[in-house]
Amino acid sequence: QVQFVESGGGLVQFGGSLRLSCAASGSIFSLRTMGWYRQAPRKQRELVAHVTTAGNTNYADSVKGRFIISRDNAKNTVSLQMNSLKPEDTAVYYCNKAPTPLDSTSWGQGTQVTVSS
């Protein structure tokens, strides 16, 4: 079972940028589409971006034009460049297979992103 370790979060001001990284314990190529999810306080976890093995991307409307997802199959990593951050982007961010994640034991600890206004 592949597991994930996310990093790169932090506290940033409105309009700032952050780059998140996700390291997988196994091959992400075999998982095909990978995604970044987020969970804000008192809200359900949502998929915000995903990328296929060929590099095709898709974004939630709330982040389109601001976030860029990428992957390195050789290094088994997935990244999320987040620009023009808003307070509503505040959440814990996770990576996993998309659009259907692996089972509950695969989730990492996530990385906290906090955007101040």
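Each residue is numbered by its place in its chain's sequence as written, counting from 1. The predicted origin of the model limits local features to residues at a pLDDT of at least 70 and limits the giving and counting of side-chain atom pairs to 80 or more, whereas totals for whole chains, interfaces and linings rest on all residues. Derived side-chain values reflect all non-hydrogen atoms in the structure, with water molecules and hydrogen atoms excluded from consideration.

(A) Up close: the sheet that holds strand 5 (residues 46–51). Strand order across the open sheet formed by six strands is 2-10-9-4-5-6, with mixed pairing between neighbours. Either end of the sheet is taken by a strand with one partner, and the two such strands are strand 2 (10–13) and strand 6 (57–59). Here the average twist between neighbouring strands, direction ignored, is 25°. At least two bridges found by DSSP between two strands are what make those strands a pair. Only DSSP runs of H or I covering at least 4 residues are called helices, and only runs of E covering at least 2 are called strands; the numbering of each starts at the N terminus. Simply put, an axis is a line fit to the C-alpha atoms, just over the touching stretch for a helix, and the angle between two N-to-C directions goes from 0 to 180 degrees.

(B) Examining the nonpolar core more closely. The term nonpolar core refers to a set of buried residues drawn from Ala, Val, Leu, Ile, Met, Phe, Trp, Tyr and Cys, joined through side-chain atoms within 4.5 Å. Only protein chains enter the calculation, and the probe is 1.4 Å; a residue is then buried if its accessible area is under 20% of its type maximum, exposed if over 50%, and partly exposed in between. Of all hydrophobic cores here, the largest spans 30 residues; its most connected members are Phe4, Trp36, Phe67, Ile69, Leu80, Met82 and Tyr93. Taken together, the elements giving at least two residues each to this core come down to strand 3 (18–24), strand 4 (34–39), strand 5, strand 7 (67–72), strand 8 (77–82), strand 9 (91–97) and strand 10 (111–116). For this core, the element with the most residues is strand 3, which contributes four residues. What Leu80 contacts, discounting residues up to four positions off in sequence, is Leu18, Arg19, Leu20, Trp36, Ala49, Phe67, Ile68, Ile69 and Tyr93. Tyr37, Tyr94, Ala98 and Trp107 belong to the second-largest nonpolar core, a separate cluster that totals five residues. In this analysis, two residues are considered to be in contact whenever any of their non-hydrogen atoms come within 4.5 Å of each other.

(C) The pattern of salt bridges, seen in detail. Whenever a carboxyl oxygen of Asp or Glu lies within 4 Å of a side-chain nitrogen of Lys or Arg, that contact is scored as a salt bridge. A full pass over the atoms with the stated rule returns four salt bridges. The partner of Asp89 in a salt bridge is Arg38, with the nearest N and O atoms 2.9 Å apart. Pair noted here: Asp89 is in the loop between strand 8 and strand 9 and Arg38 is in strand 4, with a separation of 51 residues, a long-range link. Arg38 shares its class with Asp89; the two are buried.

Any functional reading would require information that these geometric values do not contain.
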